[in-house]
Amino acid sequence: MDGWMFRDPFVFDCSTAEKKPKNTKDEKNSDGGSSEETGSDKVLAFAVSPSGKLLALTDDNKRLVLFRCEPSWHYISIRWVVRRCTSLVFTQAEEELLVADKSGDVYVFSVVEPQKEGELKMGHLSMLLALTVALDDKYIITADRDEKIRVSHLRSPYNIQSFCLGHRQFVSALQILSAHPHWLLSGSGDGTLKLWDYESGSELQSLDLRQLDETTSSEADKDKDTTVCRITSSSDGQYVAVQCDSVPILQLFTLTQKGKEKLVPHSRISLPCCPLDVNFDPEGRLWVLMDSSDAPLQIYSLTHSSWECVVHVPELNRVTKAFRPHWETLEASLRTNNRFEQLHKVTFDNVAVYLQRKQQRLEEQHLKRSGGQRAKGNKKVKKETESVTQPFA
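Residues numbered from 1 in each chain as written. Predicted model: local features only at pLDDT ≥ 70, side-chain atom pairs only at ≥ 80, totals over all residues. Heavy atoms only, no water.

Colleague: Give a detailed account of the overall build of the protein chain, specifying residues and quantitative values.
Modeller: The number of helices and strands found in the protein chain is five helices and 24 strands. For the protein chain, restricting intrachain contacts to residue pairs at least 6 apart in sequence, the fraction spanning at least 24 positions comes to 45%. Surface accessibility of the protein chain: about 22000 Å² in total, with carbon and sulfur atoms responsible for 51%. (Helix = DSSP H or I, 4+ residues; strand = E, 2+ residues; numbered from the N terminus. Contact = heavy atoms within 4.5 Å. Areas by Shrake-Rupley, 256 points an atom, 1.4 Å probe, with all protein chains shown as cover.)

Here it is in C-alpha cells:
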C-alpha cells in the first residue's frame, strides 16, 4: 500500500450505475410480499481487501460493486444481493467476498469469478451488524443484534467453534488484531469494549467507555446510550482507536501481553465535532473523517507519547482537495437517520409496575372501607338521636 496516496482521485456514482434487472429471481422478498421500496443509491457498507488492491461497496438498491485499486482504479463488476447489507469483508486470500445482510444471512461472492452470483454461506436468527475473518482464513466471526458473537469455521460454517457472550446490547463492531491473531475486540450498544480469546470464547477484559469519559459527571450521563461504531488498530497492533456514535471524542488504547490488563487506556482525543470514520495508515498515523465542511479530514500522529494533530502534510491537502467537490453529496447522505437508534432494546420492568398498581388498588380499597364505616357510624348516631328525641315530640 506504499503508493496508495499517489493514486488519482476516483469517483463512482451509484445513482448512474447499472439498474437492477426486472426479471431477477429475488423480485419478492423472503416473506413472499412485494419487493423492498426503491432505495436512494446510498452506500450502506464498503470493504478494502487486506492488500489494499480491491474495494467493494453495497448500496440500498442492493448493488454489490467490485473495484480494483491498483495500479489504478478499475471497475470490475456489479452483482446483486438478495437483501440490503450491513457489513462486507474480504477473505485474507482475497478470493472471496463475504456479505452480511439485515435478515441475518451471510452470502459469499467470488472475487476470482466476478460475474458469479453469490451463494448462501450461513444464517443467524437476527440482524447481522458486523463480520470479520481470522487472519488465517480459518474462522468467520459474526455479530448480531441479540448480543451474540459467533465463531464458525469458514469452510464449514455449520461447525461452530465458540460463542463470545457478555454484551448486554447489540454488537456493532469487530476487530482482530494483526499482532495478536487470536484476540478479538468487540464494541456494543452497551458502551463497552471487550477483548476475547475468540477460539475458546473466553472474555479477557471488558472496559465501559462511559466510565472512561471524564465529561460524564453524573450518573444520568453515564446511563445514556453509548454505541461503539468503529474499532481500528495500527499495523503493528500496538495502538487501538475506538469511535463512539455521535461523540466528539476518540479513545486510544495500548495493547500488551503482560499482566491481567491487556488493554490499557492511553489517551483521549477531543475533536471539534463528531467523527464520521477513523483509520490508521501504514505509517501509524490516525486519519479522522470529520462532520465538517471546513476541515473534513484531520491527521493525528504520536509525538512524545501523545497524539497531536498535524497540519503540514502533503497527503492531507491532496485528499481534502479531492473531497471538497463531493462534500455536499456526502453530507446529505450522512444527515439521514442514525442506523443504531432503532437497535437499542428497551427494557420494561413489569414487576415493578404490577406492584405499584397493586399498592394503588389496596389503598383505594382501604379508602372505600374507611368511607363505608364512617357512613354506617353516622347512620347509627342519627337513629340513636331520633329515638332519644321522639318522646318529647
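Colleague: Can you break down the pattern of salt bridges residue by residue, with the values?
Modeller: Side-chain pairs of opposite charge can arise where the charged atoms are in close proximity. In the structure shown here, the tally under the stated rule is 13 salt bridges. A salt bridge links aspartate 41 to arginine 63; the shortest N-O distance between them is 2.8 Å. Of this pair, aspartate 41 sits in the segment before strand E1 (43-48) while arginine 63 sits in strand E3 (residues 63-68), placing them 22 residues apart in sequence. The exposure classification of aspartate 41 matches that of arginine 63, with both residues buried. (Salt bridge = Lys/Arg side-chain N within 4 Å of Asp/Glu carboxyl O. Buried < 20%, exposed > 50% of the residue type's maximum accessible area, 1.4 Å probe, protein only.)

Colleague: If you had to explain unusual backbone geometry to someone new, which residues and values would you point to?
Modeller: With an omega of 0°, the peptide bond running from glutamate 70 to proline 71 counts as cis. Of note, glutamate 94 is a non-glycine position whose phi angle comes to about 60°, a positive value. Under the relative-accessibility criterion, glutamate 94 is labelled buried at 16%. We note that serine 305 has phi near 70°; this positive angle belongs to a residue other than glycine. Following the sequence through the fold, serine 305 ends up in the loop between strand E23 (297-303) and strand E24 (306-310). For serine 305, a relative accessible area of 59% corresponds to the exposed category.

Colleague: Now, about a nonpolar patch on the surface: what can you tell me, with residues and values included?
Modeller: Where nonpolar side chains cluster on the molecular surface, the patch consists of Val43, Phe46 and Val48 and spans about 260 Å² of accessible area. Structurally, valine 48 is set in strand E1. Assessed through its relative accessible area of 44%, valine 48 is described here as partly exposed. (Patch = residues over 30% accessible without salt bridge, like charges linked within 9 Å, V, L, I, M, F, W, Y side chains within 5 Å.)

Colleague: Before we move on, can you summarise the nonpolar core with the specific residues and values?
Modeller: Counting residues in hydrophobic clusters, the biggest one holds 16 residues, and the most contacted among them are Leu185, Leu193, Val240 and Phe253. Breaking this core down by element, the ones donating at least two residues are strand E13 (171-177), strand E14 (180-188), strand E15 (192-197), strand E17 (228-233), strand E18 (239-244) and strand E19 (249-255). Ranked by residues supplied to this core, first place goes to E18 with three residues. Residues within four places of leucine 193 in sequence aside, it is in contact with Leu185, Ser186, Gln205, Ser206, Leu207, Leu209, Ile231, Val242, Phe253 and Leu263. The next biggest cluster of nonpolar side chains, apart from the first, holds 15 residues, and it includes Ala47, Ala56, Leu66 and Val111. (Core = buried A, V, L, I, M, F, W, Y, C linked by side-chain atoms within 4.5 Å.)

Colleague: Could you give me a rundown of the sheet that holds E23, with the residues and numbers involved?
Modeller: As summarised here, the arrangement of the four strands in space is E21-E22-E23-E24, forming an open sheet in which the pairing is antiparallel. Of all the strands in the sheet, the pair left with one neighbour each is strand E21 (275-280) and E24. Strand-to-strand, the axes of this sheet are offset by a mean angle of 25°, without reference to chain direction. Strand direction decides the pairing type here: strand E22 (residues 286-290) and E23, joined by four bridges, are antiparallel. From the neighbouring strand, leucine 286 faces E23, where its bridge partner is tyrosine 300. Contacts from helix H3 (residues 314-323) reach E22, E23 and E24 within the one sheet, and its direction differs from that of E23 by about 160°. (Pairing = 2+ DSSP bridges. Axes fitted to C-alpha atoms, helices over the stretch in contact; angles between N-to-C directions.)

Colleague: Explain the pairing of strand E16 (residues 202-208) to me, and be specific about the residues and the numbers.
Modeller: Alignment of E15 against E16, held across six bridges, turns out to be antiparallel. Considered in E16, the bridge of lysine 194 is made with serine 206. As consecutive antiparallel partners, E15 and E16 are separated by four residues, and within that stretch glycine 201 has a phi angle of approximately 75°, a positive value.

Colleague: Summarise the environment of isoleucine 299; cite the residues concerned and give the values.
Modeller: Note that isoleucine 299 resides in strand E23. Its relative accessible area of 0% is what places isoleucine 299 among the buried residues. Separated by 16 residues in sequence, isoleucine 299 and glutamate 315 place their C-alpha atoms 9.8 Å apart. Beyond its immediate stretch of four places on either side in the chain, isoleucine 299 contacts Arg285, Leu286, Trp287, Glu308, Cys309, Val310, Val313 and Leu316.

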